[in-house]
Amino acid sequence: MSPKTNPNTLTKPTYNASGRSFSGWLGGKSQLARTIIDMMPEHKHYCEVFGGAGWVLFKKSTSTLETINDVNGDLINLYRVFKYHPEALEKEFETQLISREEFERLKAEKNTSLTDIQRAARFYYLLRTCFGAKVSEPNFFSHVERQPHLKLGDDLKTVLSAIHQRLQRVNIENRNYDVLIQKMDREDTLFYLDPPYYNCEKYYGKDIFSRDDFIKLRELLKNIKGKFILSLNDIPEVRELFDGFYFHTKQIRWSLNSKAHDENNGKELIITNYQIPD
Ligand SMILES: C[S@@+](CC[C@H](N)C(=O)[O-])C[C@H]1O[C@@H](n2cnc3c(N)ncnc32)[C@H](O)[C@@H]1O
């Protein structure tokens, strides 16, 4: 049995270099995680509002309370199955193959006829075998020199076991960002917010995030009791929108297939409502 944690303990997390998410994700913050974790103040509740594959969560030491949230129901169902039914998920992959035919079969399959475990297995298969983790419009990934991302057999067991362990005390939510922020806001909550980038609002599906949501998000963040860290692309429109908060910049390198000619590529703006000493 794990030792009981005092529910009032404040922690300042540290970076765990060996922590890994279960997958890449469009806009996933594996490269930015260390910078964000180093900026975290002491808090009781760590609340990741636009969770995706949760790279920051998986690379930080645990906080007293933790929440991961996303509006994507397939993704959140997968988190729940990682947390509660890892063996059943593993079983779904026992006789699985990595092939274009299987990819196309699963892509065409409708979720409505599946159990939660089958739904999680389908989503995980597509996520790990598609190009660029773009699971909203997946295309099969095959590369002459690279191994497939999806692990099977003992390798999959190792991955699932690590993810299962890390999620043991994480609260998993499937809310719109505004509902979650209002529900979780306390003086000792730290929100990490990683919404779609400005100009990329539709990347994660239709009608879940729009340009106007940046204004709504800003207004909400102006009035919260807790602290926040928000990461966005560093462009003048974003600086203007969030003027009045604290700005920090970081240059990261996106993958080769991103638009290298775009001068703003890889320039991250990290926005906080508290000062960070140099
Ligand atoms: C940039 S990604 C997050 C990546 C994540 N930080 C990682 O490291 O993998 C943005 C996420 O926001 C989610 N999202 C978009 N609109 C949302 C909304 N209205 N409420 C909650 N989540 C939303 C998307 O489904 C997507 O997973």
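A quick note: this is a predicted structure, and the numbers were derived from the prediction, not measured. (Residues numbered from 1 in each chain as written. Predicted model: local features only at pLDDT ≥ 70, side-chain atom pairs only at ≥ 80, totals over all residues. Heavy atoms only, no water.)

1. Considering the side chain of T64
Here is the rule: Numbered from the N terminus, helices here are DSSP runs of H or I no shorter than four residues, and strands are runs of E no shorter than two. Note on exposure labels: buried denotes an accessible area under 20% of the residue type's maximum, exposed denotes more than 50%, and partly exposed covers the range between, all computed with a 1.4 Å probe on protein chains only. We call two N or O atoms a polar contact when they sit within 3.5 Å, provided that within protein one can donate a hydrogen and the other can accept it, with sequence-adjacent residues counted only if both atoms are side-chain atoms.
Relative to the assigned elements, T64 resides in the loop between α2 (55–59) and β2 (65–69). Overall, the relative accessible area of 8% leaves T64 in the buried class. There is a polar contact of 2.6 Å between the side chain of T64 and the backbone oxygen of T9.

2. Some remarks on the UniProt feature "binding site: S-adenosyl-L-methionine" (unreviewed entry) in the protein chain
Which entries qualify depends on this criterion: UniProt positions are given in the numbering used here, feature names are shortened, and annotations may be inferred rather than shown by experiment. Two residues form a contact once any of their heavy atoms are found within 4.5 Å.
Using the residue numbers shown here, the UniProt feature "binding site: S-adenosyl-L-methionine" (unreviewed entry) corresponds to W25, K29, D70 and D194. Within the secondary structure, W25 is located in the segment before α1 (33–38). With residues up to four places along the chain from it excluded, the contact list for W25 reads G52, A53, N72, L75, F123, L127, A133, V135 and Y204. Mapping K29 onto the fold places it in the segment before α1.

3. Remarks on the domain arrangement of the protein chain
The line we're drawing: Note that the domain bounds were set by an automatic or database domain assignment. By buried area we mean the combined loss of accessible area, with a 1.4 Å probe, across both parts when two parts are placed together. Note on definitions: salt bridges are taken to be side-chain nitrogens of Lys or Arg within 4 Å of carboxyl oxygens of Asp or Glu.
Looking at the assigned domains, one finds that the protein chain contains domain 1 (1–71 + 175–278) and domain 2 (72–169). The interface of domain 1 with domain 2 comprises 26 residues on the first partner and 21 residues on the second. For the domain 1 and domain 2 pair, buried surface summed over both sides reaches about 1800 Å², with 58% attributable to carbon and sulfur atoms. On the domain 1 side of the interface with domain 2, the three residues burying the most area are F22, W25 and F58, jointly 35% of the side's total. Put simply, domain 1 and domain 2 have 1 salt bridge between them. Among the ionic pairs, R166 bridges to E66, the shortest N-O distance being 2.8 Å.

4. Side note on the site of the ligand
Here is the rule: For this description, a residue counts as near a given molecule or strand if any of its non-hydrogen atoms is within 4 Å of it. In these tables, accessible area is a Shrake-Rupley quantity obtained with a 1.4 Å probe, and a residue counts as shielded only by the protein chains included in the view.
Every one of the 21 residues lining the ligand counts as a neighbour, but K29, A53, D70, N176 and D194 are closest to it. W55 has a polar backbone atom sitting 3.3 Å from an oxygen atom of the ligand. Between V71 and the ligand, the recorded distance is 3.4 Å, taken from a backbone N or O atom to a nitrogen atom. Starting from 610 Å² of accessible surface for the ligand in isolation, the protein chains cover 99%.

5. Some thoughts on the nonpolar core
Our working rule: Side-chain atoms within 4.5 Å link the members of a nonpolar core, which is a set of buried Ala, Val, Leu, Ile, Met, Phe, Trp, Tyr and Cys residues.
Ranked by size, the top nonpolar core spans 50 residues in total, and within it F22, Y79, F82, L89 and I229 carry the most contacts. At 8 residues, helix α6 (residues 116–129) tops the list of elements feeding residues into this core. When residues of this core are sorted by domain, at least three fall in each of domain 1 (1–71 + 175–278) and domain 2 (72–169). Contacts of I229, omitting those with residues within four sequence positions, involve I36, M39, M40, L190, F191, Y192, L193, I270, I271, T272 and Y274. Grouped together as the second largest cluster of nonpolar side chains are 28 residues, V49, I224, L230 and I235 included.

6. Quick notes on the sheet that holds β2
Spelled out, the test is: At least two DSSP bridges between two strands are required for those strands to pair. Each axis is a line fitted through C-alpha atoms, and for a helix only the stretch in contact is used; angles between axes span 0 to 180 degrees, taken between their N-to-C directions.
Reading across from one edge, β3-β2-β1-β4-β5-β7-β6 is the order of the 7 strands in this open sheet, with mixed pairing throughout. Because the sheet does not close on itself, it has two edges, and the strands there are β3 (170–173) and β6 (246–251). Averaged over neighbouring strand pairs, the angle between their axes works out to 20 degrees when direction is ignored. Bridge count for strand β1 (residues 45–48) against β2 is 4 bridges, and the pairing is parallel.

7. Quick word on the environment of I37
Of note, I37 is situated in helix α1. For I37, a relative accessible area of 0% puts it in the buried group. Residues I37 and S61 lie 24 residues apart in sequence; the distance between their C-alpha atoms is 9.2 Å. Contact partners of I37, with chain neighbours within four places excluded, come to K12, P13, T14, Y15, V56, K59 and K60.

8. Let's talk about the packing of aromatic side chains
Definition in use: Here is the rule: rings of Phe, Tyr and Trp (six-membered ring for Trp) pair when centre to centre is within 6.5 Å. Planes less than 30 degrees apart are stacked, more than 60 are edge-to-face, and the remainder are tilted.
Taken as a whole, this structure holds 15 aromatic pairs when the rule is applied. Judged by centre distance (5.5 Å) and plane angle (25 degrees), the rings of F50 and Y177 are stacked. Residue F50 is found in the loop between β1 and α2, and its partner Y177 is found in helix α8 (residues 177–184); the two are separated by 127 residues along the sequence. In this structure, F50 and Y177 share a single accessibility class: buried.

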